[in-house]
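# Analysis of the macromolecular model
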Amino acid sequence: MGMPDWVVKKVEPREDYTLLLTFADGKVKEFDARPLLEIPLYAPLKDKSFFMKAKVDGPSVAWRADIDIAPEYLYEKSKNNHF
């Protein structure tokens, strides 16, 4: 059995508080993190230098142990990226 489509394989944080994500199914999508910045849990991400430290952690994206985003949510809420 293969890996779920929504597993994050690569993350590229951007200066505009978006994440360029590559998923296990090969899709490259863009996630806009700006709405999350108003939620207390994600308030530290308002610091752009901290936001830019996003990394793949297991199947998802995290900044530190207590700040991550569910990979299914990222997959569902991201827009397909058209280059």
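Preceding this section is the structure that the text describes.
What this report covers is the structure whose coordinates are included nearby. (Residues numbered from 1 in each chain as written. Predicted model: local features only at pLDDT ≥ 70, side-chain atom pairs only at ≥ 80, totals over all residues. Heavy atoms only, no water.)

## Some points on the pattern of salt bridges
To be explicit about the condition: The salt bridge definition used is simple: a Lys or Arg side-chain nitrogen within 4 Å of an Asp or Glu carboxyl oxygen. A 1.4 Å probe rolled over the protein chains alone gives each residue an accessible area, and that area as a share of the maximum for its type sets the label: buried under 20%, exposed over 50%, partly exposed in between.
Taken as a whole and assessed by the stated rule, the structure comprises 5 salt bridges. A salt bridge links Asp-66 to Arg-64, with the shortest nitrogen-to-oxygen separation between them at 2.6 Å. Residue class for Arg-64 comes out partly exposed when judged on its relative accessible area of 38%. The salt bridge partner of Glu-76 is Lys-77, with a shortest N-O separation of 3.9 Å.

## Here we look at the sheet that holds strand S5 (residues 60–64)
Convention followed: Pairing between two strands requires that DSSP report at least two bridges joining them. A run of H or I in DSSP becomes a helix once it reaches four residues, and a run of E becomes a strand once it reaches two; helices and strands are each numbered from the N terminus. Where helices are involved, their axes are fitted lines through C-alpha atoms of the stretch in contact, as for all axes, and angles between N-to-C directions lie from 0 to 180°.
Pairing within the open sheet is antiparallel, and its 3 strands lie in the order S4-S5-S6. Here the strands that pair on one side only, and so sit at the sheet edges, are strand S4 (55–57) and strand S6 (67–69). Neighbour-to-neighbour, the strand axes of this sheet turn through a mean angle of 40°, independent of strand direction. Of the pairings in the sheet, the one linking S4 to S5 comprises 3 bridges and is antiparallel in character. Of the residues in S5, the one forming a bridge with Val-56 is Val-61.

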